[in-house]
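Residue-level structural notes
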Amino acid sequence: MGPHDHPLTPSRKRMVVGVGSKNISGSFLEVIEKQGWQGLWAGNAINMICIVPTHAIELRTFECVKRAMTSTQEKWGGTECPKLHIGAVSLNLSLSWISPIAVGGAAVGIVSTLVCHPLEVKKKITPYLEVVLN
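Residues numbered from 1 in each chain as written. Predicted model: local features only at pLDDT ≥ 70, side-chain atom pairs only at ≥ 80, totals over all residues. Heavy atoms only, no water.

Comments concerning the overall build of the protein
Looking only at helices and strands, the protein features 4 helices and 2 strands. The buried share of the protein, reckoned over its 134 residues, is 22%. Taking the contacts inside the protein whose residues are at least 6 apart along the sequence as the reference set, 47% of them involve residues at least 24 apart. Just so you have it, the protein exposes about 9,800 Å², and 68% of that area is on carbon and sulfur atoms. (Helix = DSSP H or I, 4+ residues; strand = E, 2+ residues; numbered from the N terminus. Buried < 20%, exposed > 50% of the residue type's maximum accessible area, 1.4 Å probe, protein only. Contact = heavy atoms within 4.5 Å. Areas by Shrake-Rupley, 256 points an atom, 1.4 Å probe, with all protein chains shown as cover.)

A word on the side chain of T61
Topologically, T61 is positioned in helix 3 (residues 44–75). Among the polar contacts made by the side chain of T61, one reaches the main-chain carbonyl oxygen of I57 at a distance of 2.8 Å. Among all residues touching T61, those that are not within four sequence positions of it are A107, V108 and V111. (Polar contact = N/O pair within 3.5 Å; in protein donor to acceptor, adjacent residues only side chain to side chain.)

Notes on the pattern of salt bridges
When the charged atoms of two side chains lie near each other, side chains of opposite charge can form a pair. Tallied over the entire structure, the rule returns 1 salt bridge. Ionic pairing is found between E63 and K66, a salt bridge with its closest N-O pair at 4.0 Å. Separated by 3 residues within a single helix, E63 and K66 lie in helix 3, roughly one turn from each other. (Salt bridge = Lys/Arg side-chain N within 4 Å of Asp/Glu carboxyl O.)

A closer look at a nonpolar patch on the surface
Taken together, the side chains of L84, I86, V89, L91 and L93 define a hydrophobic patch exposed on the protein surface, amounting to about 430 Å² of accessible area. Of all the elements in the fold, those that place two or more residues in the nonpolar patch are strand 1 (83–86) and strand 2 (89–92). Along the polypeptide, L93 turns up in the loop between strand 2 and helix 4 (100–133). (Patch = residues over 30% accessible without salt bridge, like charges linked within 9 Å, V, L, I, M, F, W, Y side chains within 5 Å.)

A few points about helix 3
For helix 3, built from 32 residues, the straight-helix expectation of 46 Å at 1.5 Å per residue is met to within 8% by its first-to-last C-alpha distance of 46 Å. N44, T54, E58, T61, F62, M69 and Q73 are the residues of helix 3 that are buried. (Expected span 1.5 Å × (residues − 1).)

Thoughts on the confidence of the model for the protein
With 73% of its residues at a pLDDT of 70 or more, the protein has an overall mean of 77. At the low end of the mean pLDDT range in the protein sits helix 1 (residues 9–17), at 67; at the high end sits helix 3, at 87. (pLDDT = per-residue confidence, 0-100.)

Quick look at the pairing of strand 2
Bridge analysis of strand 1 against strand 2 gives 4 bridges, and the strand direction is antiparallel. Residue pairing across strands places I86 opposite V89, the latter belonging to strand 2. Linking strand 1 back to strand 2 in an antiparallel pair, the connection comprises 2 residues, with G87 at a positive phi of about 65°. (Pairing = 2+ DSSP bridges.)

Considering helix 2 (residues 24–35)
Spanning 12 residues, helix 2 covers 16 Å between terminal C-alpha atoms, matching the ideal 16 Å at 1.5 Å per step. Within helix 2 the residues assigned to the buried category are G26, S27 and V31. One side of helix 2 carries all its buried residues, which in axial view fall inside an arc of 140°. Of the residues one or two after helix 2, G36 is the one with positive phi, at around 80°. (Arc of directions from axis to C-beta.)

Following this line, the structure appears as structure tokens:
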């Protein structure tokens, strides 16, 4: 679930807790009647504060890696590709078969796992730790 489903989140939470209507459309209309259409996005600012930096880091990583990979492919595009000599065997290390988009996507996955997801885990665990420690 992400910010794209947020207008339904207040209605869904009301149903889970057992407040108001027992169906999604009735709960949706109750939120609009009591809080106006702005009530459908209540609490979304906190989500956006967390999501925007994460997506900015991921997008920047993707663009930098894709650009670096493309320029390396262009540089090594012919006779300049590095060669590896092991005894009588000589290997050309060509990057032409590797997609810069795939490498950028892989880099985003690594950066998200190492940088962004630990922050999400900390955000979700902190309230529970406060309860346990107090």
